[in-house]
Amino acid sequence: MSGDVMVPAGTLVGWPLWRRQLAGVLRLELRKTLLSSRSLMLYALAAMPVLLGGMHLLATPFMPEGMASNLGRHARIFTGMYSTFILRFVIFLTCLWMFMNLFRGELIDRSLHYYLLTPIRRWLLVTGKFLAAWVSASVMLSSSTVLALLLMVLPAGPRELADFFINGPGVGQVVAYVVTTVLACLGYGALFLAIGLLTKNPIIPGVIIWGWESINYFLPATLKKISVIHYLQALAPMPPQDGPFVILVEPVSPWIAVPGLLIVTAALLVLATWRAQRLEIVYGTD
Amino acid sequence: MTAHSDSRIAFENVSKFYGEVLGVNRVQLSIEPGITSLVGPNGSGKTTLMNLMTGLLRPTDGRIRVRGIAPDDPERLFKIVGYCTQHDTFPRGLTGFQFLSSYLLVHGLSREQAHGLAMAAIERVRLNDAAHRKIAAYSKGMRQRIKLAQAICHDPSVLVLDEPLNGLDPMARAETIDLFRELATEGKHLILSSHILHEVDLISDSVILLNEGYVVAEGDIRGVRSEMESHPLQIFIRCEKPEVLAAKVFAQDAVVEVRIHDDRRGLLVSTRNPDSFYLLLNQIVLAEDLEIEHVTPADENVQAVYRYLIGGNGEKR
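Residues numbered from 1 in each chain as written. Chains lettered and ligands numbered in written order. Predicted model: local features only at pLDDT ≥ 70, side-chain atom pairs only at ≥ 80, totals over all residues. Heavy atoms only, no water.

### Digging into the overall build of chain B
Of regular secondary structure, chain B possesses 12 helices and 13 strands. By principal-axis analysis of the C-alpha atoms, chain B measures approximately 75 × 45 × 35 Å. Per-residue burial over chain B gives 53% buried out of 317 residues. Here the contacts in chain B between residues at least 6 apart in sequence split such that 66% fall between residues at least 24 apart. (Helix = DSSP H or I, 4+ residues; strand = E, 2+ residues; numbered from the N terminus. Buried < 20%, exposed > 50% of the residue type's maximum accessible area, 1.4 Å probe, protein only. Contact = heavy atoms within 4.5 Å.)

### Focus on the packing of helix H2 (residues 14-35) of chain A against helix H3 (residues 39-58) of chain A
All names here are of chain A. Remark: H2 packs on H3, axes separated minimally by 6 Å, with the N-to-C direction vectors making an angle of 65°. Touching Thr33, Leu34 and Leu35 of H2 are Ser39, Leu42 and Tyr43, all from H3. Taken together, the residues of the contact of H2 with H3 break down into four nonpolar, two polar and no charged. (Axes fitted to C-alpha atoms, helices over the stretch in contact; angles between N-to-C directions. Nonpolar A, V, L, I, M, F, W, Y, C, P; charged D, E, K, R; others polar.)

### A short note on the domain arrangement of chain B
Residues and elements named next belong to chain B. Its domain assignment divides chain B into domain 1 (3-221) and domain 2 (226-313). Averaged C-alpha coordinates put domain 1 and domain 2 at centres separated by 38 Å. Contact with domain 1, which involves 13 residues of that partner, is made by eight residues of domain 2. Both sides of the domain 1 and domain 2 interface together cover about 940 Å² of buried area, and 78% of this is carbon and sulfur. (Domains from an automatic or database assignment. Buried area = accessible area lost by both parts, 1.4 Å probe.)

### Overview of the pairing of strand E10 (residues 233-239) of chain B
For a regular strand, side-chain orientation follows a simple rule: the groups alternate between the two sheet faces. Residue and element names in this part refer to chain B. For E10, the buried fraction is high: six of the seven residues fall into the buried class. As paired strands, E10 and strand E12 (residues 266-271) are joined by six bridges and run antiparallel to one another. Of the residues in E12, the one forming a bridge with Ile237 is Leu267. Two elements, E10 and strand E13 (residues 292-297), share five bridges in a ladder whose sense is antiparallel. (Pairing = 2+ DSSP bridges.)

### Side note on the packing of aromatic side chains
Residues and elements named next belong to chain A. The final tally for this structure, using the stated rule, is 21 aromatic pairs over all chains. Centre to centre, the rings of Phe89 and Trp210 are 5.9 Å apart; their planes meet at 45°, and the pair counts as tilted. Here Trp210 lies in helix H10 (residues 203-214) and Phe89 lies in helix H4 (residues 71-100), a separation of 121 residues in the sequence. On the numbers, 5.0 Å between centres and 70° between planes, the contact of Phe164 with Phe165 is edge-to-face. On the basis of relative accessibility, which here comes to 8%, the residue Phe164 falls in the buried class. (Phe/Tyr/Trp six-rings, centres within 6.5 Å; stacked < 30°, edge-to-face > 60°.)

### Some thoughts on the sheet that holds E13(B)
Residues and elements named next belong to chain B. Taken together, four strands build an open sheet; the order of strands is E11-E12-E10-E13 and the sheet is antiparallel. Sheet topology places strand E11 (255-260) and E13 at the edges, where each strand pairs with a single neighbour. The mean inter-strand angle of the sheet, taken between neighbouring strand axes irrespective of direction, is 20°. Contacting E10, E11, E12 and E13, helix H10 (residues 242-250) runs over the sheet at an angle of about 165° to E11. Packed on one face of the sheet, helix H11 (residues 274-288) meets E10, E11, E12 and E13 and runs near 20° to E10.

### A word on the sheet that holds strand E5 (residues 81-84) of chain B
To summarise the sheet geometry, strands pair through backbone hydrogen bonds and adopt either a parallel or an antiparallel arrangement. All names here are of chain B. An order of E5-E6-E7-E3-E8-E9 is seen for the six strands of this open sheet, with the pairing classed as mixed. The open sheet terminates on both sides in strands that have one partner only, identified here as E5 and strand E9 (214-219). Across the sheet, the mean angle separating the axes of adjacent strands is 15° when strand polarity is ignored. Examined bridge by bridge, strand E6 (residues 158-162) and strand E7 (residues 189-193) share five bridges and lie parallel to one another. Each bridged residue has a counterpart across the sheet, and for Asp162 the counterpart in E7 is Ser193.

### So, the packing of H4(A) against helix H7 (residues 122-153) of chain A
Residue and element names in this part refer to chain A. Orientation of H4 relative to H7, taken along the N-to-C sense of each, is 155°, at an axis distance of 10 Å. Taken together, the axes of H4 and H7 lie roughly antiparallel to each other. By crossing handedness, the relation of H4 to H7 is classed as right-handed. When grouped by side-chain class, the residues that make up the contact of H4 with H7 number 21 nonpolar, four polar and no charged. (Parallel < 35°, antiparallel > 145°, perpendicular 65-115°, else oblique. Left-handed = near helix turned anticlockwise from the far one by under 90°.)

### With respect to a nonpolar patch on the surface
Residues and elements named next belong to chain A. A surface patch of nonpolar side chains, about 300 Å² in accessible area, is lined by Leu51, Leu52 and Met55. By the secondary structure assignment, Met55 is in helix H3. Taking the relative accessible area as the measure of exposure, Met55 reaches 52% and is therefore exposed. (Patch = residues over 30% accessible without salt bridge, like charges linked within 9 Å, V, L, I, M, F, W, Y side chains within 5 Å. Areas by Shrake-Rupley, 256 points an atom, 1.4 Å probe, with all protein chains shown as cover. Salt bridge = Lys/Arg side-chain N within 4 Å of Asp/Glu carboxyl O.)

### What about the side chain of Asn25(B)?
Topologically, Asn25(B) is positioned in strand E2 (residues 21-31). Among residues more than four places away in sequence, those in contact with Asn25(B) are Val14(B), Ser15(B), Phe17(B), Gly213(B) and Tyr214(B).

### Here we look at the interface of chain A and chain B
With 40 residues of chain A in contact, the opposing surface of chain B contributes 35 residues. Together, the buried faces of chain A and chain B total about 3,400 Å²; carbon and sulfur atoms form 58% of this surface. In this assembly, chain A and chain B are joined by three salt bridges. Where Arg92(B) meets Asp109(A), a salt bridge forms, and the shortest distance between an N and an O atom there is 3.1 Å.

### A word on the pairing of strand E8 (residues 206-211) of chain B
Residues and elements named next belong to chain B. Counting buried residues along E8, five of its six residues qualify, which places the element largely inside the surrounding structure. One ladder, built from four bridges, connects strand E3 (residues 34-39) with E8; its direction is parallel. Residue pairing for E8: Val39 is matched across the bridge by Leu209. Where E8 and E9 come together, five bridges link them in antiparallel fashion. Paired with Leu210 across the strands is Val215, a residue of E9.

In structure tokens form, the structure reads like this:
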């Protein structure tokens, strides 16, 4: 038995205690997020891009001559799919469901009080729940994105694939998609966690935010900046949007986008913690 | 603050409003270790008081200290407090053992400690056979027992128990009451609410009577009863010649009313001065050579006090 194991919790204070408590919250939350009946919806959402990638692969024999081996074309199709479907629909909805339920779901289930009856500080509880959901969402959605990309480019054949990943931009694109996905989970996660704590019915603000993020292309430059998608677009290998009503603006530099997202995330987590600090258990009215 | 005051649970002029609805108002309490029962009709403020002392609610006004610790300091409070709430709900998908050990890990215990304490608590509430079954498959009584195990598993010195006997069969009730007595003899605070007044009478060292958010009475039940001057104490005397005794006692100032029992083998005496009456009774018994089978206070219990102060019999919910 290690020395750490022998130390009773009562004698621990400060970071050694908080580290153990954080690990306890992470363990319990990962179980709840990944193994409960609520997670079926998340798995279904995460499976959608893979399903589309699979359908694309199955359609290979029916593609016109030369199209199947055109890897650049497959990669561009995936880029469009990532921008319009994965980021705006799958990642958005997964984060909405997962992060809003961190507190709101437990208030609805009337089980949040079990956490509040342990000697854990509320900021630590918010941090633990957020980290567990962020890790779950990031792993789930990054895997789904990478798998979907692989299925999309697979029809090009082994030689084209080797060239794309060894000599071409393949690995860089995979990294960019994964980083964008992880940051999207961070930004949307913090936003929905805060909304889940601040509002009694988070569905309405969720729908409003979805609408706002969807019309981002058509917003003036100043308003574009008040959205998560605007910063994510600077990171993923996404094509610039065009169309009759699209308002084009200079894309944000990743050096601004990443710290910007991190600062907004931190601010939202502070807001969520402030609300959690004042949270009372009155299930009857929740 | 002195060491003496630190061993108490203190409410100092505490009020709680839910918007404009009153929860409790100007509560002033000092609760000693031992078993204290909160008694009152639905909506009287019992659960509100429990939630306030465990930090699940914040007082609108006033100050609360649980053995010297503020309820908004969970890191210190829940090392000494365990709370079995009235909510019959649990996190999804967990077995009884996982439920206890998971939250013990959140306490900051090591895996070995958490597993050991979880099993010990499960054994204490006699759920060993069901420990590794999903809580969703538990009966109402089993769920009540696993909640109790969750409250006691970290060996707290203050136990707050909201209707802890609900859903338990008679055998489990008796075992649980024994457990409460055992915990109280260890010097712990047990604050419990129950609507079954004869059980409250059996197990409580003191009671707090609540009605519509106000503390109506508090303390040892006999002390509370003796202070109720508007309701003379009723004493039942089982004896051979009740008519003789009735005639003798009725002549005394301390006696308000005397009634012969229907079976004519006893009488019910109402008195405003029980001490004088007991003295007088001894004198009469000696003088008249009467044979007394037993003497019992007839309304020196929670049910009677509840009836006099709040109305109703307290048994309905």
